[in-house]
Amino acid sequence: QAEVIDTDALIVGAGPVGLFQVFELGLLEIKAHVVDALPYPGGQCVELYPDKPIYDIPAVPVCTGRELTDNLLKQVEPFHPTFHLGQEVTVVEKQADGRFRVETSRGTRFLARTVFIAAGVGAFQPRRLKLDGIERHEERQLFYRVKDPAQFAGKHLVIVGGGDSALDWANHFAQDGPHQAASVVLIHRRDGFRAAPASVARMRELCEAMKMQFLVGQVTGYEEADGRLSGVKVTGSDGVTRVVPLDMLLVFFGLSPKLGPIADWGLALERKQVVVDTEKFETSIPGIFAVGDINTYPGKKKLILCGFHEAALAAFGATSYVFPGKAIHLQYTTTSPKLHKALGVE
Ligand code: FAD
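Quantities reported herein were computed from a predicted structural model and do not represent experimental measurements.

### Brief notes about the pairing of strand β14 (residues 218-225)
No. 1: As paired strands, β14 and strand β15 (residues 228-235) are joined by seven bridges and run antiparallel to one another. Residue pairing across strands places Y222 opposite V232, the latter belonging to β15.
No. 2: Count of turn residues in the β14/β15 antiparallel hairpin: two residues, of which D226 carries a positive phi of about 50°.

Structure, rendered in structure tokens:
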């Protein structure tokens, strides 16, 4: 059994608001661990619009989703948060001593004095192939992400999708190299892609060199032999269904957010949002706070700048649990020697 991590604050979600929560807690000398289902921080800003400009961050006339995330990560550096990425928080349970038992999908366990839900629109999960019963092949022959590319080397691969992940992996496995597959068939519903032009050009090159085959069509069924997935049925634009044999099936349909386990933590919810007060942004369970897109209160607006304000007040709200009985005063980062020490700018 892995050890249990003891922490004053556990943040669920490394989107912009979860990241700024680290900063606000850090100023109050509360150290945080951060968990995110995605393998990288940034939430919607990185997942949905990394290169789009944002114009309404106070005092930052323009920055992209990725730049905002990079700057937030730089801003929290002095507080050395520990990130636990690529895992979803599944369990949050109050114990008799008032602390929270928290567990992730990868078995990481925490005992947290306070919990901050900064889970946005929920955990991003891969969109799955909607074919009855195909889920029993998941992680054996059907994959929605590549964790270990070596496991696909020398295999007959079918890759489905038309975005960057589908093309990048199709190119990777089709070209000469240590992970080269026995064969690669790329399937997309149309002959047009939502991927970087260079990846599309590379894919066409590999097809011309007979190292990859591209089929226009939709996966409408599958075939099994001896309990194993042996092929997919692909219906082309001509209406004809063909069977494409395979060893491994990789599907990249993008990610969609799911509220998921948060609904089971006993929190008061309103239309899938976590209800909070506007004094501390505390939920119906004392010690659990909710900030950013996940929460709701009268007048709520799903804006990054509103999430930042919520994170500041929630951090002050947490002090009564982390430092019971201690009076906490507001200090300015410009003038406070204590904050300068915390920020490492003495
Ligand atoms: P998110 O960014 O959604 O991050 C939440 C994170 O929590 C995710 O990474 C998710 O994986 C993780 N998570 C959820 N559940 C779990 C779990 N159980 N375990 C582990 N991790 C979990 N806002 C503006 O202010 N200005 C703009 O110009 C603007 N433009 C936008 C443009 C687009 C196209 C979109 C889609 C949104 C835009 N927004 C804009 C909205 C803004 O992106 C959101 O308000 C902001 O991302 C919310 O931040 P957050 O940290 O609350 O949540």
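### Thoughts on a positive patch on the surface
No. 1: A contiguous patch of positive charge on the surface is contributed by R127, K130, R189, R190, R194 and K258.
No. 2: Position of R127 relative to the elements: it lies in the loop between β9 (123-126) and β10 (142-143).
No. 3: Using a relative accessible area of 41% as the deciding quantity, one classes R127 as partly exposed.

### Description of the domain arrangement of the protein chain
No. 1: Splitting the protein chain by domain gives domain 1 (4-125 + 256-343) and domain 2 (128-253).
No. 2: Taken over C-alpha atoms, the centre of domain 1 sits 37 Å from the centre of domain 2.

### Describing the sheet that holds strand β13 (residues 213-216)
No. 1: Spatially, the five strands line up as an open sheet ordered β10-β17-β11-β12-β13, and their pairing is parallel. Since the sheet does not close on itself, it has two edges, and those belong to β10 and β13, each with one partner.
No. 2: With two bridges joining them, β10 and strand β17 (residues 248-251) adopt parallel strand pairing. What sits directly across from F143, in β17, is L250.

### A short note on the environment of G260
No. 1: Within the fold, G260 resides in the loop between β18 (255-258) and β19 (269-270).
No. 2: It is 34 Å that separates the C-alpha atoms of G260 and V60, two residues lying 200 residues apart in sequence.

### So, the environment of V22
No. 1: Tracing the backbone through its elements, the reader meets V22 in helix α1 (residues 16-27).
No. 2: When sequence neighbours within four positions are dropped, the list of residues in contact with V22 reads I11, V34, V76, F79 and P81.

### Digging into the packing of aromatic side chains
No. 1: By the definition in use, this model includes 10 aromatic pairs.
No. 2: When the ring of F23 is compared with that of F79, the centres are 5.6 Å apart and the planes differ by 70°; the resulting orientation is edge-to-face. Here F79 lies in the loop between α3 (65-76) and β5 (82-85) and F23 lies in helix α1, a separation of 56 residues in the sequence. This pair shows no difference in class: F23 is buried, exactly as F79 is.
No. 3: Above the face of the Y144 ring, R128 is positioned so that its terminal group lies 4.9 Å from the ring centre.

### Topic: unusual backbone geometry
No. 1: Positioned with a positive phi, M210 is a non-glycine residue whose angle comes to about 65°.
No. 2: Considering the arrangement of structural elements, one finds M210 in the loop between α5 (197-208) and β13.
No. 3: In the Ramachandran plot, D226 falls in the positive-phi region, its phi being about 50° despite a non-glycine side chain.
No. 4: Inspection of the secondary structure assignment puts D226 in the loop between β14 and β15.
No. 5: The class for D226 is exposed, based on a relative accessible area of 82%.

Analysis parameters
- Residue indices begin from 1 for each chain and proceed along its sequence in written order.
- Totals for whole chains, interfaces and linings use all residues, but because this is a predicted model, local features are given only for residues with pLDDT of at least 70 and pairs of side-chain atoms are given and counted only at 80 or more.
- With hydrogens and water set aside, each side-chain value is computed from the structure's full complement of heavy atoms.
- One requirement defines pairing of two strands: DSSP has to find at least two bridges between them.
- A run of H or I in DSSP counts as a helix once it spans at least four residues, and a run of E counts as a strand once it spans at least two, with each numbered from the N terminus.
- Every patch collects residues that have over 30% relative accessible area and no salt bridge, joining them within 9 Å if they carry like charges and within 5 Å if they are nonpolar side chains (Val, Leu, Ile, Met, Phe, Trp, Tyr).
- Surface accessibility follows the Shrake-Rupley procedure with a 1.4 Å probe radius. Residue values consider only the protein chains on display as shielding.
- By definition here, a salt bridge exists when the distance from a side-chain nitrogen of Lys or Arg to a carboxyl oxygen of Asp or Glu is within 4 Å.
- The convention is simple: Lys and Arg are positive, Asp and Glu are negative, and His and the chain ends are not counted.
- Where a charge lies is defined by one atom per residue type, namely NZ (Lys), CZ (Arg), CG (Asp) and CD (Glu).
- When a residue's accessible area, from a 1.4 Å probe over protein chains only, is under 20% of the maximum for its type it is buried; when over 50% it is exposed; and in between it is partly exposed.
- In this document the domain limits rely on a domain assignment from an automatic tool or a database.
- It only takes one pair of heavy atoms within 4.5 Å for two residues to be counted as in contact.
- The rule is short: rings of Phe, Tyr and Trp, with Trp giving its six-membered ring, pair when the centres are within 6.5 Å, and they are stacked under 30 degrees, edge-to-face over 60, tilted in between.
- Think of it as a cone above the ring: NZ of Lys or CZ of Arg counts as a charge over the ring if it is within 6 Å of the ring centre and within 35 degrees of the ring normal.

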